[in-house]
Amino acid sequence: GLDAKKYERKTNVITTVKIKSVNIATGVGTEGKLQFVDMASSDVVRGSKKAREDREGALQAVAEEDDTQFGNKSIDAFNDVVNARIQFDRSVPYRNATLTHLLRDSLEADTKVLLMCCVSSEQPHVADTMGALRFASRMQKVSIGKATKHIGSKE
């Protein structure tokens, strides 16, 4: 079967729900989009092979390590976007990864963002919890702007 831990470590999951509504009386429509994102590799400890070996109990195969590094690259690209947004850079590197390219419209202009982090007070999960809270703290510094209503005509 599928090893869920290996799969989660390698995969970003983005679920997009587009919503359209039309007021029958006026014919005025509104549209919106919800995006749910589960970011891969956010719990992977970076560092030497020895650190990964100590944490996981055995050295991963080269192909698996490459997949994890790919996941880390998308997280790194996301961090680059967050840093650029925090610093109000004119050039934000959205195209450096598929993850950031797909989330571009959710990270700028007229959107609302809700970030949920999984945290635990259990000792084995302290490092992951602290990493998630540091990430959430950085995301809180991103200025997105005021959400607006997208109005269209009846189609």
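Residues numbered from 1 in each chain as written. Predicted model: local features only at pLDDT ≥ 70, side-chain atom pairs only at ≥ 80, totals over all residues. Heavy atoms only, no water.

Notes on the side chain of Thr111
Going by this rule: Strands here mean DSSP runs of E at least two residues long; helices mean DSSP runs of H or I at least four residues long; both are numbered from the N terminus. Per-residue accessibility, obtained with a 1.4 Å probe over protein chains only, is compared with the maximum for each type, and a residue is labelled buried under 20%, exposed over 50%, and partly exposed between these values. Under this definition, polar contacts are N or O atom pairs within 3.5 Å; protein pairs additionally need one hydrogen-donor-capable and one acceptor-capable atom, and for neighbouring residues in sequence, both atoms have to be side-chain atoms. By definition, residues are in contact when any of their heavy atoms lie within 4.5 Å.
Note on placement: Thr111 falls in the loop between helix 4 (98-102) and helix 5 (126-140). Since its relative accessible area comes to 15%, Thr111 is described here as buried. A distance of 3.4 Å separates the side chain of Thr111 from the backbone oxygen of Ser106, its partner in a polar contact. In contact with Thr111, not counting residues within four places along its chain, are Asp105, Ser106, Ile144, Gly145 and Ala147.

Comments concerning the pairing of strand 1 (residues 13-22)
Filter applied, for reference: Strands are treated as partners if at least two bridges between them are detected by DSSP.
As paired elements, strand 1 and strand 2 (residues 28-38) share 10 bridges and run antiparallel to each other. Each residue of the ladder has a partner; that of Lys18, found in strand 2, is Lys33. Between strand 1 and strand 2, which pair antiparallel one after the other, the connecting turn spans 5 residues, and Gly27 there sits at a positive phi close to 80 degrees.

Regarding the pattern of salt bridges
To be explicit about the condition: When a carboxyl oxygen of Asp or Glu is within 4 Å of a side-chain nitrogen of Lys or Arg, the pair counts as a salt bridge.
Counted under the stated rule, the structure contains 2 salt bridges. Of the charged contacts in the structure, one is a salt bridge between Lys33 and Asp105, with a shortest N-O distance of 2.4 Å. You can see Lys33 sitting in strand 2 and its partner Asp105 sitting in the loop between helix 4 and helix 5, a full 72 residues away along the chain. When its relative accessible area of 36% is taken as the criterion, Lys33 is described as partly exposed.

Geometric values such as these leave the question of function open.
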